[in-house]
Amino acid sequence: MTDPLIPLDDDLAAAFQIEGWPVRGRIVRLGAAVHQVLSAHDYPEPVAALLGEACVLAALVGSSLKFEGRLIVQAQGDGPVRYVVADYDTTGTLRGFCRFDPEAVAAASAGFARPGAQSLLGQGVMIMTVDRGPDFERTQGITPIEGESLSLCAEHFFEQSEQVPTKVRLAVGSVDSGTGPNWRAGGALIQVIAADDARGSTEDVWDRSRALFATLADDELLDPEVTPQVLLYRLFHEDGVRLEGTRALKANCRCSADRIGAVLGSFPAEERADMVEPDGKIHVTCEYCARVYALDPETVAHQASASPSLRASDAAP
């Protein structure tokens, strides 16, 4: 890294490499993008924080994909939060939402500490899904919910599914930069590259990398004035580190009247008739962005004959 003080824009994902070390990493910083996702609904603070973690994790893993597609992080269980999902598209867009029991979340939040993943999701699983489009089968990896951060679930996921030692750090919080409190989020991961005849053992280097990574604080990941270069320089300046492959991120929901109508068109005519409200329209609220659509039943009926190839998760009615 030639100049640790060169600023980068917010809302980004990037890879980094420690000079001469068999260790690779990625970093994500989210400002306006995560605030847009979390503020679209009136989520309780712990629920918003959990969704923020899922968004960061989706961007950390999804931004490493070498093909066009989507990375979907979802977690579900028998706790106060039934379902949380974050959807990263390789164009750099994010969206996400939660389903939860407000009273159960309030009860779980009665203590001094903010409840995390295990307290909110209970017994359940985290699933990472790679979607390469309609011409390919989706691939999934599943790991149990463990610990109060999705970072632990991600570490176990990589250990089990790819046998790659991985450390993950996720942070979500409300930060006031002078214009009022806004949600911010950040995360980083490091992975060791397997030993070979040329490298020899990587155990000592991995131990040192983990020790340095463990000093990373939540406020460093959330502070808008601490750029990724500065943060990485603080961690690894003695050995040198370079940032590469920076990708801009933004919040964007793929819902549209046509998509919603296509999904509604897959329902039997009798069920669609029951959906019509007194104003003569079918009203649908997107679970991701909370936009409300008022669709004409006749238009939906015409779309029913088109039989489009559309996954329900793309429309999220």
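Residues numbered from 1 in each chain as written. Predicted model: local features only at pLDDT ≥ 70, side-chain atom pairs only at ≥ 80, totals over all residues. Heavy atoms only, no water.

**Looking at the overall build of the protein**
- Each helix and strand in the protein was counted, giving 12 helices and 13 strands.
- Along the first, second and third principal axes, the C-alpha atoms of the protein reach 70 × 45 × 40 Å.
- In the protein, buried positions account for 48% of the 317 residues.
- In the protein, the proportion of contacts linking residues at least 24 apart, taken out of those at least 6 apart, comes to 66%.
- Looking at charge distribution, the protein has the averaged site of its 27 positive side-chain charges lying 4 Å from that of its 46 negative ones. (Helix = DSSP H or I, 4+ residues; strand = E, 2+ residues; numbered from the N terminus. Buried < 20%, exposed > 50% of the residue type's maximum accessible area, 1.4 Å probe, protein only. Contact = heavy atoms within 4.5 Å. Lys, Arg positive; Asp, Glu negative; His and termini not counted. Charge placed at Lys NZ, Arg CZ, Asp CG, Glu CD.)

**Brief notes about the confidence of the model for the protein**
- Summary statistics for the protein give a mean pLDDT of 88 and a share of 91% for residues scoring 70 or more.
- Predicted confidence for residues 1-8 stays below pLDDT 50, and this span has 19 contacts to residues more than four positions away or in other chains.
- The low-confidence segment residues 307-317 (pLDDT under 50) makes 33 contacts with residues lying over four places distant or belonging to another chain. (pLDDT = per-residue confidence, 0-100.)

**A closer look at the pairing of strand S9 (residues 181-192)**
- Where burial is concerned, most of S9 is hidden: 10 out of the 12 residues are buried.
- Of the pairings in the sheet, the one linking strand S2 (residues 23-30) to S9 comprises 8 bridges and is antiparallel in character. Each bridged residue has a counterpart across the sheet, and for Gly25 the counterpart in S9 is Ile190.
- Pairing between strand S8 (residues 166-176) and S9: 11 bridges, direction antiparallel. Bridging from a neighbouring strand, Val172 pairs with Ala185 of S9. (Pairing = 2+ DSSP bridges.)

**With respect to the sheet that holds strand S10 (residues 241-248)**
- Strand order across the open sheet formed by 5 strands is S8-S9-S2-S1-S10, with antiparallel pairing between neighbours. Single-partner strands in this sheet number two, and they are S8 and S10. Adjacent strand axes in the sheet meet at a mean angle of 15 degrees when their direction is disregarded.
- On top of the sheet, helix H5 (residues 150-161) reaches S8 and S9; it is set at about 160 degrees to S8, its chief contact.
- Packed onto the sheet, helix H6 (residues 203-213) meets S2, S8 and S9 and runs at close to 170 degrees relative to S9. (Axes fitted to C-alpha atoms, helices over the stretch in contact; angles between N-to-C directions.)

**As for the packing of helix H2 (residues 45-62) against H5**
- The geometry of H2 relative to H5 is characterised by a closest axis approach of 10 Å and an angle of 35 degrees between their N-to-C directions. For H2 against H5, the interelement crossing comes out right-handed. Side by side, H2 and H5 meet where Leu50, Glu53, Ala54, Leu57 and Val61 of the first sit next to Leu150, Ala154 and Phe158 of the second.
- A per-class count over the contact of H2 with H5 returns 7 nonpolar, no polar and 1 charged. (Left-handed = near helix turned anticlockwise from the far one by under 90°. Nonpolar A, V, L, I, M, F, W, Y, C, P; charged D, E, K, R; others polar.)

**Points about the environment of Ile142**
- As for its placement among the helices and strands, Ile142 is situated in strand S7 (residues 139-144).
- Considered as a pair, Ile142 and Leu216 are 74 residues apart in the sequence and their alpha carbons are 27 Å apart.
- In contact with Ile142, not counting residues within four places along its chain, are Val125, Met126, Ile127, Phe157 and Gln160.

**Notes on the environment of Arg95**
- With respect to the helices, strands and loops of the structure, Arg95 is situated in strand S5 (residues 93-100).
- The exposure class of Arg95 is buried, given its relative accessible area of 2%.
- Remark: the alpha-carbon pair of Arg95 and Arg242, spanning 147 residues in sequence, is separated by 29 Å.

**What to know about the packing of aromatic side chains**
- Tallied over the full model, the rule gives 6 aromatic pairs.
- Their ring planes at 85 degrees and their centres at 4.8 Å tell us that Phe97 and Tyr288 sit as a pair that is edge-to-face. Taken as a pair, Phe97 in strand S5 and Tyr288 in the loop between strand S12 (282-285) and strand S13 (292-295) lie far apart in primary sequence, 191 residues in all.
- On the accessibility criterion, Phe97 (5% relative accessible area) is buried.
- Tyr288 sits in the buried class, given a relative accessible area of 6%.
- Residues Phe157 and Phe158 carry aromatic rings whose centres are separated by 5.4 Å and whose planes lie at 80 degrees to one another, so their mutual orientation is edge-to-face. Residues Phe157 and Phe158 agree in their burial class; the two are buried.
- The structure contains a cluster of three or more aromatic residues connected by ring pairs, namely Phe16, Trp21 and Phe236.
- Directly above the ring of Tyr83 sits Arg99, whose terminal nitrogen or CZ lies 5.4 Å from the centroid. (Phe/Tyr/Trp six-rings, centres within 6.5 Å; stacked < 30°, edge-to-face > 60°. Lys NZ or Arg CZ within 6 Å of the ring centre and 35° of its normal.)

**Quick look at the nonpolar core**
- If you look at the biggest cluster of nonpolar residues, it comprises 67 residues, and the most contacted ones within it are Leu30, Leu57, Leu121, Met126 and Leu150.
- Broken down by element, the residue count for this core peaks at 13 residues, all from H2.
- Counting residues in each nonpolar core, the second largest holds 24 residues, with Trp21, Val192, Trp206 and Val226 among its members. (Core = buried A, V, L, I, M, F, W, Y, C linked by side-chain atoms within 4.5 Å.)

**Quick look at the packing of helix H1 (residues 32-39) against H2**
- Relative orientation of the contacting elements H1 and H2 amounts to 135 degrees, with a least axis distance of 10 Å. What the angle tells us is that H1 and H2 run oblique. Crossing geometry of H1 relative to H2 is assigned as right-handed. Between H1, through Val34, Val37 and Leu38, and H2, the contact on the second element is made entirely by Ala48, Leu51, Gly52 and Cys55.
- By residue class, the composition of the contact of H1 with H2 is 6 nonpolar, 1 polar and no charged. (Parallel < 35°, antiparallel > 145°, perpendicular 65-115°, else oblique.)

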